[in-house]
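Residues per chain are reported as follows:
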Amino acid sequence: MSEQIEQALDRKYEAGFYSEIESETFESGLDESVIRRISAMKNEPEWMLEWRLKSYHAWLEMEEPDWAHVDYPKIDYQAISYYSAPKSMKDKPKSLDEVDPELLRTYEKLGIPLHEQEMLAGVAVDAVFDSVSVVTTFRDKLEEAGVIFCPISEALQKYPDLVKKYIGSVVPRTDNYFAALNSAVFTDGSFVYIPKGTRCPMELSTYFRINEMNTGQFERTLIVADEGSYVSYLEGCTAPQRDENQLHAAVVELVAMDDAQIKYSTVQNWYPGDENGKGGIYNFVTKRGVAHTNAKISWTQVETGSAVTWKYPSCVLKGDNSVGEFYSVALTRGRQQADTGTKMIHVGKNTKSTIISKGISAGNSNNAYRGLVQMGPRADGARNFTECDSLLIGDKCGAHTFPYIESRNPSAIVEHEATTSKVSDEQLFLCQQRGLDTEKAVSMIVNGFCKEVFKELPMEFAVEAGKLLEISLEGSVG
Amino acid sequence: MLSIKNLHASVEEKNIIKGLNLEVKPGEVHAIMGPNGAGKSTLGYVLSGREGYEVSDGEVSLNGKDLLELEVEERAREGLFLAFQYPVEIPGVSNMEFMKESVNAMREQRGEEPLTAAEFLKKAKEACKQVQLPLDFLKRGVNEGFSGGEKKRNEIMQMILLEPKLCILDESDSGLDVDALQVVADGVNSQRDGERSFIVVTHYQRLLDYIKPDFVHILADGKIVKSGDASLALEVEKSGYAFLGKAYEEAEA
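For clarity, every value in this text was computed on a predicted model and none was experimentally measured.

This part takes up the overall build of chain B. From N to C terminus, chain B includes nine helices and twelve strands. The globule rule puts the C-alpha radius of gyration for 253 residues at 18 Å, and the 18 Å found for chain B is close to it. For chain B, the C-alpha atoms occupy an extent of roughly 55 × 40 × 35 Å along the three principal directions. Residue burial in chain B is summarised as follows: out of 253 residues, 45% are buried. Intrachain contacts of chain B at a sequence separation of at least 6 include 71% that bridge at least 24 residues.

Residues and elements named next belong to chain B. Looking at chain B as a whole, the pLDDT averages 90, with 96% of positions reaching at least 70. Across chain B, element-level confidence peaks in strand β6 (residues 80–83) with a mean pLDDT of 96 and bottoms out in helix α9 (residues 246–252) with 51. Across the interface, the model reports ipTM at 0.93; the global pTM reads 0.81.

With that settled, consider helix α10 (residues 438–454) of chain A. All names here are of chain A. Under the 1.5 Å per step criterion, the end-to-end length of α10 is 22 Å for 17 residues, consistent within 8% with the ideal 24 Å. Bending of α10 peaks at approximately 40° at the position of Gly-448. Taken across its 17 residues, α10 has 14 buried, putting it largely inside the fold.

Quick look at the pairing of strand β19 (residues 352–361) of chain A now. Residue and element names in this part refer to chain A. Within β19, eight of the ten residues are buried, which leaves it mostly tucked inside the rest of the structure. Looking at chain direction, strand β17 (residues 323–332) and β19 are connected through ten bridges and run parallel. Across the sheet, Val-329 pairs through a bridge with Lys-358, a residue of β19. Pairing geometry for β19 and strand β21 (residues 383–392), over ten bridges, is parallel. If you follow Ile-360 over to β21, its bridge partner there is Leu-391.

To continue, consider the interface of chain B and chain A. In this assembly, 21 residues from chain B lie in contact with 19 residues from chain A. Of all the elements in the fold, those that place two or more residues in the side of chain B that touches chain A are α2 (72–77), β7 (90–94) and α3 (95–109) of chain B. Of the residues contributing to the side of chain B that touches chain A, the split by class is eleven nonpolar, five polar and five charged.

Next up on the list: the sheet that holds strand β2 (residues 14–24) of chain B. Residues and elements named next belong to chain B. Within the open sheet, the four strands sit side by side as β2-β1-β4-β5. Their pairing is antiparallel. Edge positions in the sheet fall to β2 and β5 (65–66), since each has one partner strand and no second. As judged from the eight bridges shared by strand β1 (residues 2–11) and β2, these two strands associate in the antiparallel manner. In the sheet register, Ser-3 faces β2, and the bridge partner there is Glu-23.

Here we take up the pairing of strand β18 (residues 337–346) of chain A. Residue and element names in this part refer to chain A. Within β18, ten of the ten residues are buried, leaving the element largely enclosed by the surrounding structure. Burial along β18 is two-sided: Gln-337, Asp-339, Gly-341, Lys-343 and Ile-345 facing one way and Ala-338, Thr-340, Thr-342, Met-344 and His-346 facing the other are all buried. Note that strand β15 (residues 308–311) and β18 share four bridges and pair parallel. Directly across from Lys-311, in β18, lies its bridge partner Thr-340.

Here we come to the packing of helix α9 (residues 425–433) of chain A against α10(A). Residue and element names in this part refer to chain A. Orientation of α9 relative to α10, taken along the N-to-C sense of each, is 125°, at an axis distance of 9 Å. Put simply, α9 runs oblique to α10. Regarding α9 and α10, the two cross each other, and that crossing is right-handed. Contacts from Gln-427, Leu-428, Cys-431 and Gln-432 in α9 reach Thr-438, Ala-441, Met-444 and Ile-445 in α10. Here the residues of the contact of α9 with α10 sort into five nonpolar, three polar and no charged.

A word on helix α8 (residues 177–185) of chain A. Residue and element names in this part refer to chain A. Within α8, eight of the nine residues are buried, leaving the element largely enclosed by the surrounding structure. Within α8 the residues assigned to the buried category are Phe-178, Ala-179, Ala-180, Leu-181, Asn-182, Ser-183, Ala-184 and Val-185. Elements in contact with the buried residues of α8: α2 (32–41), α3 (46–61), β8 (220–225), β11 (251–256) and β13 (280–291).

A word on the sheet that holds strand β9 (residues 166–170) of chain B. All names here are of chain B. The six strands are arranged β6-β9-β10-β3-β11-β12 in an open sheet whose pairing can be described as mixed. Each edge of the sheet is formed by a strand with only one pairing partner; in this case those strands are β6 and β12 (223–228). Recorded for the sheet is a direction-independent mean angle of 20° between the axes of neighbouring strands. Against the sheet, helix α8 (residues 230–239) contacts β3 (29–33), β11 (215–220) and β12, and its axis sits at roughly 45° relative to β11.

Next up on the list: the environment of B:Pro164. All names here are of chain B. Tracing the chain through its elements places Pro-164 in the loop between α5 (148–162) and β9. Pro-164 gets classed as buried once you count the C-beta atoms within 10 Å, which come to 24. Each residue touching Pro-164, except ones within four places of it in the same chain, is listed here: Gly-79, Leu-80, Phe-81 and Met-159.

Each value, and the rule that gives it
Residues numbered from 1 in each chain as written. Chains lettered and ligands numbered in written order. Predicted model: local features only at pLDDT ≥ 70, side-chain atom pairs only at ≥ 80, totals over all residues. Helix = DSSP H or I, 4+ residues; strand = E, 2+ residues; numbered from the N terminus. Rg over C-alpha atoms; globule rule 2.2 N^0.38 Å. Buried ≥ 20, exposed ≤ 12 C-beta atoms within 10 Å, placed from the backbone. Contact = placed C-beta atoms within 7 Å. pLDDT = per-residue confidence, 0-100. Expected span 1.5 Å × (residues − 1). Bend = angle between axes of the 7 residues up to and from the residue. Pairing = 2+ DSSP bridges. Nonpolar A, V, L, I, M, F, W, Y, C, P; charged D, E, K, R; others polar. Axes fitted to C-alpha atoms, helices over the stretch in contact; angles between N-to-C directions. Parallel < 35°, antiparallel > 145°, perpendicular 65-115°, else oblique. Left-handed = near helix turned anticlockwise from the far one by under 90°.

What follows is the structure in structure tokens.
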């Protein structure tokens, strides 16, 4: 069977093309002057620059973490360019008609048409290309509802008080090495504000594209859902196929005020490197949300790309009765390495969290789930349920589970279930005997394995995720 | 329909099938009986092309095509169906999705348009009723949490939906009570149309009271050692396999 699976997993990366777009790119290297330049280009308020510089100095004192179950050569932070933007963006196009058609074509090729009439109805998109936001669609419609959805650089101009109030409030500047770096050099990302009692009328989505060589992408997303509001947000990511590794160190902060709900979904398909582990994105991301009284934060992620993934979308369940959820599918193949999971920090009473993690390993890859469930002393009646399943395809890959449970409240209940299974010869044989080829069979078995997570994705994207998995599995059967 | 000539096959380098000959014509039902370890299940796996079952000699053709040249799924699409003795579970994949893909793979082979979800559902419901499984079985994961009897009936349902040319039933009677046996047999009999052929592999004569075979073959030590009509099965029922004498002793050894 292994041979067949290997062949089936031997897929191509469809988003691996490069767009010929004239860019303004900083020379590589990082020091205070680079940070000042980024801040000046974005015409930021003084406090933002100071915040960046403080982060930078803190970062200089910090050590790169090495506890994750991943292995990669040392990153030379001076060899990275910290800013790159299409030249055509300099004059700030007022509408889509003024945007460089090559940029629009890039997104079209990725299946993200930015002309509103061609888009999926009901999804507003912020397209981030290297270090800048290219376009944000459906703004008028969102404005009618009082929803703010714009690039964070624009939010700093238009709503500086809102940004100042919440930025760093969930992921502090010095939270960790990569968060500190991001705080110093972040270039763009999305800002969302949903007013009190408002149900956001459409799905919001940010599509991140790395295009330039030797650049890092450091975006920052901040979503604030005011009391009693609801928003569903999706991010997607791709990058060209290159032999060099590229760094992506993002920070996402979610604030769900009392009775608010935030649903955050990710379909991550950064270039994973070739079968020998050459090239690919280092995806070192800090994502965290804070849920106030009766609020709910739900993370759903489908991770199929990146050479190395280091990512733990987390929930701080601060308010009583708040709810945190984490649904994850992480697929690794070739030489990919993933160390991903979540943290559920139960602070308030009767807080509830659910973790469903599905790890699929194929080829020579390594896939680790790392999760922390922490029950604080005030978290009376708190509950957690964790289910952590691993599926192995072939016999050269690894699946690892590192669950951490800390309970300082005797009334809290923590449940953990874990399984490891293989795509068996028998399952494949049954499918083939019923006329299905190996690839179809494997993708069906894997999709079945992931079903609990896929049903959490917004409908349009559940189909996409299934397809993505299918492409990712091409040639992986053995 | 099916022609097997001097078939030799091994599993993990152990010879199991040792020179087997069999001709099955359209519409015929052949029962294959034999003691444990005679190679009955192996024959089904070899014909369907399961990995690990190596053919070292002989020829097998299905409707004139060299079966041994084809992949497992190609054989299936040529109309070869194997009802498993112990069907495996595929968690999270609904029976419905699974069968729809499967039926459409067969239709594609025959140059027919794929069925729409509604068309398929209609057929699937009928098949479900025919084997007396509740309709919610269509939504459940393939064999997930099914009882032994439910799995067997589910196999027959798949057979009905796939409309194969040659059906190999691998001990579809094992572990069934009389009522379930009747359901399975009715399902099979409903598919006898004078064209479709069956190979019914069984340890006991009992099933053959319900599915009347045209021929009965006794398989021992990898070969067909005796062939006859339905009365041969009754003989086995009465006096066991002792009449096999030397061949039987070898098989048991």
